[in-house]
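Geometric and topological summary
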Amino acid sequence: MTSLPGTSPDPLNLEQELAGLAERCDACRHCGLGSSRTQVVVSRGNPKARLMVIGEGPGAQEDETGLPFVGRSGQLLDRMLESVGIDSNRDAYVCNIVKCRPPDNRKPTVLEMAACRPWLERQIALVDPGVILLAGATAVEGLLGIKGGMTKLRGQWRQGEGGSLEGRWLMPIFHPSYLLRNPSKERGAPKWLTWQDLQDVQRRLAQLESSL
Ligand code: SF4
């Protein structure tokens with residue numbers, strides 16, 4: 001990892017390294033999810049982006065297409081990011097805690113998240129994001145080991161300590177599937193709060209950009 005996260009991704013071998021990582025994920029059977037998936041779902045977006053979005057795991061549409069966050073939840077997240085000027089394919093690298101779909105869209109187990117962790121660590125080290133958006137409680141638990149309600153966790157900046165997270169800015173937000181179930185845009189509603197959080201993320205990205 002570079003000394004200043006999000007400032008100097010090495011473009012030379014990045015695509016090659018990520019292609020190699022995708023191949024290794026494709027061959028991976030480190031947990032049981034590898035035998036029930038249709039295909040592995042590694043990432044979409046721009047690996048040179050300063051923003052990384054991490055969700056829980058692939059759903060049915062992701063399992064079918066091989067791309068993360070492309071179902072209804074992903075489309076909502078894309079629209080919300082767009083509303084603060086962030087294009088999820090141009091300005092973000094999008095991935096998940098686990099790369100294979102848990103059957104019946106259940107939450108991945110602690111063991112499955114731990115088995116998949118090295119792939120995520122490698123993605124973070126290669127993409128070298130300055131800001132990581134954690135979509136939903138499973139993403140927070142899977143990356144930071146923190147369990148808790150998103151009402152308390154969301155919108156609170158954390159700075160990563162140690163390993164691949166050192167120095168990176170982390171922002172938990174409500175998972176977009178929760179926002180689909182709570183569509184009110186009224187002040188104080190989950191959707192309104194998420195919009196505040198995303199504006200905050202946009203400000204942080206602009207700050208990082210201006211400090212280069
Ligand atoms: S979920 Fe991760 S650890 Fe499990 S088989 Fe898929 S790639 Fe491997």
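Residues numbered from 1 in each chain as written. Predicted model: local features only at pLDDT ≥ 70, side-chain atom pairs only at ≥ 80, totals over all residues.

**Examining the site of the ligand**
Around the ligand, a shell composed of 15 residues is seen, among which C28, C31, G34, C100 and C116 lie nearest. Those elements that provide at least two residues to the shell around the ligand are α2 (33-36) and α5 (110-127). Considered class by class, the residues forming the shell around the ligand number 10 nonpolar, two polar and three charged. (Near = placed C-beta within 6 Å. Helix = DSSP H or I, 4+ residues; strand = E, 2+ residues; numbered from the N terminus. Nonpolar A, V, L, I, M, F, W, Y, C, P; charged D, E, K, R; others polar.)

**Digging into the sheet that holds strand β1 (residues 44-45)**
The sheet built from six strands is open, its strands ordered β1-β3-β2-β4-β6-β5 with mixed pairing. This sheet does not close on itself; its edge strands, each paired only once, are β1 and β5 (158-159). (Pairing = 2+ DSSP bridges.)

**Quick word on the pairing of strand β3 (residues 92-96)**
The buried fraction of β3 amounts to five of the five residues, a majority that puts the element mostly inside the structure. Neither face of β3 is open: one carries A92, V94 and N96, the other Y93 and C95, and all of them are buried. Here two bridges tie β1 to β3, and the two strands are oriented antiparallel to one another. Following the sheet pairing, R44 is matched in β3 by V94. Relative to β3, strand β2 (residues 51-55) runs parallel, the two sharing five bridges. Each residue of the ladder has a partner; that of G55, found in β3, is N96. (Buried ≥ 20, exposed ≤ 12 C-beta atoms within 10 Å, placed from the backbone.)

**Some thoughts on helix α6 (residues 137-144)**
With seven of its eight residues buried, α6 lies for the most part within the structure. A137, T138, A139, V140, E141, G142 and L143 are the residues of α6 that are buried. Residues of α6 that are buried in the fold lie against β2, α5, β4 (131-135), α7 (150-153) and β6 (169-173). Immediately downstream of α6, the backbone of G145 shows phi near 70°, a positive value. (Contact = placed C-beta atoms within 7 Å.)

**Points about the environment of D91**
Relative to the assigned elements, D91 resides in the loop between α4 (72-83) and β3. A C-alpha to C-alpha distance of 7.2 Å links D91 and R50, two positions 41 residues apart in sequence. Here D91 is in contact with N46, A49, L51 and I86, once residues within four sequence places are set aside.

**Re the packing of α4 against helix α9 (residues 190-210)**
Axis separation between α4 and α9 bottoms out at 9 Å; the angle between their running directions is 55°. Between α4 and α9, the interaxial angle falls into the category oblique. Where α4 crosses over α9, the handedness of that crossing is right-handed. Across the interface between the two elements, M80, L81 and S83 from α4 touch T194, W195 and L198 from α9. Looking at side-chain class alone, the contact of α4 with α9 contains four nonpolar, two polar and no charged residues. (Axes fitted to C-alpha atoms, helices over the stretch in contact; angles between N-to-C directions. Parallel < 35°, antiparallel > 145°, perpendicular 65-115°, else oblique. Left-handed = near helix turned anticlockwise from the far one by under 90°.)

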